[in-house]
Amino acid sequence: MEPVARFLRDFFACGYGALSVRSYAFDLLRWWRWLRVIGVEWDRATSEDVKDFVLWLQQAAKPRLSPRTGSAFTAGTVNPVTRKAYLDDRYKPRTTRHSNAVLRSFYDFWIDSGGGPLVNPVPLQRARGQRANAHHNPLQPFRAEGRLRYNPKVPKTRPRALPDELWAELFAALGSHRDRAILAIAVSNGARASEILGIRGVDVDWGEQLVRVVRKGSRAQQWLPASPEAFVWLRLYLAEVGGLDAQQTVWWTLRRRDRGEGLHRQPMNYEALRAVFRRVNGLLGTNWSMHDLRHTCSLRMARDENLSLRDVQTILDHKHLSTTADLYMLEEEADVVRRVAAHLEDRKVPPTVEPSMIGGYEAADLEVLFGGRAA
């Protein structure tokens, strides 16, 4: 797939990380397989092909290496404890939107290089009769305008947070000091899973109680505070593994594996972290994930009067302040209902006119129904 390989090399040269390259590669692989099924060359695809591809994504099931076993009966249902829906095998609207953005970028690259189609098959949504870049200033560069036409709407969801009692149950169910240290760090500064797993020995400042992470998007290094409890669990975990070198990763598998030359530990990866949550969720009957701890930390900080919204944005590494405000400056519906009910109770005044009952009803029946003497 030379066209894809050239695009990904250029994409990586622009400074994007390996995980982004991997994500783009899988989206383009799905598109390539679709083109093979419908018998269309990549440089002859039209907007009709993209539309049919989006319609297929909305009803297709994801390919799986093995059939579902224990999680088959929970797919698409809501967990009664966490009130989170279990994942199923359907493509979500965000996946479709990401796929459309990848295809748009891929064809823009080949249109600019002169080796692709003349028109991008992923069209933009504009008002009818409106020309693209109308009234454009020739001294200014062209800018992308309009949303992608076949992007599905994404329902707005509230961030998922663990209440204090459920967080205590989750923490108590962990089986090792390593897992306790990881979750304590995550819930205290909201770092992402990949950022925490990348911490090395040199990235831990014991005196100031800071950990240094490499941010997922910008790849910038940033020192983040962690709670004293997190450093206690981290010290207990390091005492178990016998310490580590400054340039080594902090997190290692607890089970030794035979690599042909003896038993060796392996650096902990994301799949091993997911296995930790699978074990705990199986014990508690929940479906918590690592990202729920980021939401929990974010909501705790956003509701702290001593922290500004700018402080929360800095810790979470959000590019725009509006992202932090839209996600975490939301009121709980139960709190809003309770305050409005109290407001209505304070505004209640005695009626100036006594309500009278419509004739035709027995007074004794009305007294039983309303609990008082009927007028």
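Residues numbered from 1 in each chain as written. Predicted model: local features only at pLDDT ≥ 70, side-chain atom pairs only at ≥ 80, totals over all residues. Heavy atoms only, no water.

**Topic: a nonpolar patch on the surface**
(1) Moving on: Taken together, Val-336, Val-340 and Leu-344 make up a surface patch of nonpolar side chains, about 240 Å² in accessible area.
(2) Moving on: Residue position: Leu-344 is located in helix H13 (residues 333-346).
(3) Moving on: Leu-344 sits in the exposed class, given a relative accessible area of 54%. (Patch = residues over 30% accessible without salt bridge, like charges linked within 9 Å, V, L, I, M, F, W, Y side chains within 5 Å. Areas by Shrake-Rupley, 256 points an atom, 1.4 Å probe, with all protein chains shown as cover. Salt bridge = Lys/Arg side-chain N within 4 Å of Asp/Glu carboxyl O. Helix = DSSP H or I, 4+ residues; strand = E, 2+ residues; numbered from the N terminus. Buried < 20%, exposed > 50% of the residue type's maximum accessible area, 1.4 Å probe, protein only.)

**Things to note about the packing of helix H1 (residues 2-13) against helix H4 (residues 93-113)**
Helix-helix packing: each pair is described by the crossing angle between the helix axes and the interaxial distance.
(1) Moving on: Running from amino to carboxyl end, H1 crosses H4 at an angle of 95 degrees, the nearest separation of the two axes being 10 Å. Taken together, the axes of H1 and H4 are roughly perpendicular relative to one another. For the pair H1 and H4, the contacting residues are Pro-3, Val-4, Arg-6, Phe-7 and Asp-10 in the first and Ser-105, Phe-106, Phe-109 and Trp-110 in the second.
(2) Moving on: Residue composition of the contact of H1 with H4, grouped by class: six nonpolar, one polar and two charged. (Axes fitted to C-alpha atoms, helices over the stretch in contact; angles between N-to-C directions. Parallel < 35°, antiparallel > 145°, perpendicular 65-115°, else oblique. Contact = heavy atoms within 4.5 Å. Nonpolar A, V, L, I, M, F, W, Y, C, P; charged D, E, K, R; others polar.)

**Remarks on the pattern of salt bridges**
(1) Moving on: As enumerated under the stated definition, the model contains 16 salt bridges in all.
(2) Moving on: The residue Arg-192 makes a salt bridge to Asp-317 at a minimum N-O spacing of 4.0 Å. Within this pair, whereas Arg-192 is found in the loop between helix H6 (177-189) and helix H7 (193-197), its partner Asp-317 is found in the loop between helix H11 (309-316) and helix H12 (321-328), the two being separated by 125 residues in sequence.
(3) Moving on: Notably, a salt bridge pairs Arg-274 with Glu-271, separated by 3.7 Å at the nearest N-O pair. Here the residue Arg-274 and the residue Glu-271 both occupy positions in helix H9 (residues 270-284), the gap between them amounting to three residues, near one helical turn.
(4) Moving on: The exposure class assigned to Glu-271 is partly exposed, which follows from its relative accessible area of 40%.
(5) Moving on: Several salt bridges converge on common partners, so that one network encompasses Arg-192, Glu-195, Arg-215 and Asp-317.

**Some thoughts on the pairing of strand E5 (residues 221-225)**
Looking along a regular strand, one sees side chains alternate from face to face of the sheet.
(1) Moving on: What you see with E5 is a clean split: Gln-222 and Leu-224 sit on the buried side and Gln-221, Trp-223 and Pro-225 on the side with no burial.
(2) Moving on: The antiparallel hairpin formed by strand E4 (residues 210-214) and E5 contains six residues in its connecting segment, where Arg-219 sits at a positive phi of about 65 degrees. (Pairing = 2+ DSSP bridges.)

**With respect to the sheet that holds strand E3 (residues 204-205)**
(1) Moving on: If you walk across this open sheet you meet the three strands as E3-E4-E5, and the pairing is antiparallel. The outermost strands of the open sheet, each flanked by one partner alone, are E3 and E5.
(2) Moving on: With five bridges connecting them, E4 and E5 associate as antiparallel partners. Note that in E5 the partner of Leu-210 across the bridge is Pro-225.

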